Amino acid sequence: MFDVADLAPEFSLPASDGTDFDLAAQRPAPVVLFFYPRDNTAGCTKEAIGFTEALASFEDAGARVFGISKDSLASHEKFITKKELGMALLSDENSDVCERYDVWKEKKMYGKTFMGIERSTFLIDAEGKIARIWRKVKVDGHVADVLEAVKAL
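Here the structure is a predicted model, which is why all the values come from computation and not from measurement.

Rules behind the numbers
- Residues numbered from 1 in each chain as written.
- Predicted model: local features only at pLDDT ≥ 70, side-chain atom pairs only at ≥ 80, totals over all residues.
- Heavy atoms only, no water.
- Patch = residues over 30% accessible without salt bridge, like charges linked within 9 Å, V, L, I, M, F, W, Y side chains within 5 Å.
- Areas by Shrake-Rupley, 256 points an atom, 1.4 Å probe, with all protein chains shown as cover.
- Salt bridge = Lys/Arg side-chain N within 4 Å of Asp/Glu carboxyl O.
- Helix = DSSP H or I, 4+ residues; strand = E, 2+ residues; numbered from the N terminus.
- Buried < 20%, exposed > 50% of the residue type's maximum accessible area, 1.4 Å probe, protein only.
- Phe/Tyr/Trp six-rings, centres within 6.5 Å; stacked < 30°, edge-to-face > 60°.
- Pairing = 2+ DSSP bridges.
- 1 Å grid on protein atoms, 1.4 Å probe; cavity = no way out; pocket = protein on both sides within 12 Å on 5 of 7 lines; lining within 4 Å.
- Points joined across faces, edges and corners; volume = space filled by probe spheres on them.
- Nonpolar A, V, L, I, M, F, W, Y, C, P; charged D, E, K, R; others polar.

**Student:** Explain a nonpolar patch on the surface to me, please; I cannot follow it from the model alone.
**Tutor:** Together, M109, Y110 and F114 make up a nonpolar patch on the protein surface, roughly 390 Å² of accessible area in all. As for its position among the elements, Y110 is in the loop between strand 6 (104-109) and strand 7 (112-117). For Y110, a relative accessible area of 78% translates into the label exposed.

Below you can see the structure in the form of structure tokens.
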């Protein structure tokens, strides 16, 4: 477990744009990582579209935005095309990064218990430290909150 001001856990994952994303290679740009449960579901689509619509503002503030889920690259590519998303999505099919960021949680829905990603966002500063953490994210207003935090860096 880690907290604000700790170094963000380093990782590499395949990205939907055909590259291998490496967190350390993003420095000195601040990075927004939003973990979401599943491609093409209502809340995840709304969140991804929200980040896409604000992408220019994040870029103007010097930040890069990436979404992460357990979905395959093929699923990500379909999601990006269907919803016209503007950022690369990272595939964590083995949930290694989700576990390191402590977003792989036991969840309950309709009386069933299962493991899944708890919608969470991490803002990582230019030095690779956690600047802000949002857990159990509610989608409405979230992108604006994250953008404010990026601008405050």
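What follows picks up the thread again.
**Student:** In this structure, what is going on with the pattern of salt bridges? I would like to understand it.
**Tutor:** Counting across every chain of the model gives 5 salt bridges. The partner of R27 in a salt bridge is E10, with the nearest N and O atoms 2.4 Å apart. Here E10 lies in the segment before strand 1 (12-14) and R27 lies in the loop between strand 2 (20-22) and strand 3 (31-35), a separation of 17 residues in the sequence. For D140, the salt bridge is made with K46, and the minimal N-O distance between the two is 2.3 Å. In this pair, D140 sits in the loop between strand 9 (130-134) and helix 5 (142-151) while K46 sits in helix 1 (residues 42-53), placing the two residues 94 residues apart along the sequence. The exposure class of D140 is exposed, given its relative accessible area of 59%. What makes K46 partly exposed here is its relative accessible area of 47%.

**Student:** How should I be thinking about the packing of aromatic side chains in this particular structure?
**Tutor:** The description of an aromatic ring pair rests on the distance of the ring centres and on the angle between the ring planes. Taken as a whole, this structure holds 12 aromatic pairs when the rule is applied. Centroid distance F51 to F58: 5.7 Å. Interplanar angle 45°. Geometry classified as tilted. Grouping residues by exposure puts F51 and F58 together as buried. In textbook terms, an aromatic cluster arises when at least three aromatic residues are bridged by ring pairs, as seen for F2, F11, F21, F35, F66, Y101 and F122.

**Student:** Teacher, can you tell me more about the pairing of strand 6 here?
**Tutor:** Each regular strand displays side chains that alternate between the two surfaces of the sheet. Pairing between strand 6 and strand 7: 6 bridges, direction antiparallel. By the bridge assignment, M109 is partnered in strand 7 with K112.

**Student:** How should I be thinking about the layout of surface pockets in this particular structure?
**Tutor:** Empty pockets left among the atoms are what a rolling probe the size of a water molecule brings to light. Space inside the largest pocket adds up to approximately 410 Å³. Forming the boundary of the largest pocket are 17 residues, of which P37, K107, F114, G116 and I117 lie nearest the centre. Sorting the residues of the lining of the largest pocket by element identifies strand 6 and strand 7 as the ones contributing at least two each. Grouping the constituent residues of the lining of the largest pocket by class yields 7 nonpolar, 1 polar and 9 charged. Here the second largest pocket defines a volume of roughly 160 Å³. Surrounding the second largest pocket, D17, L55, F58, E59, A63, R64, V65, F66, G86, M87 and A88 form its lining. At the level of elements, helix 2 (55-60) and strand 4 (64-69) are the ones that each hand at least two residues to the lining of the second largest pocket.

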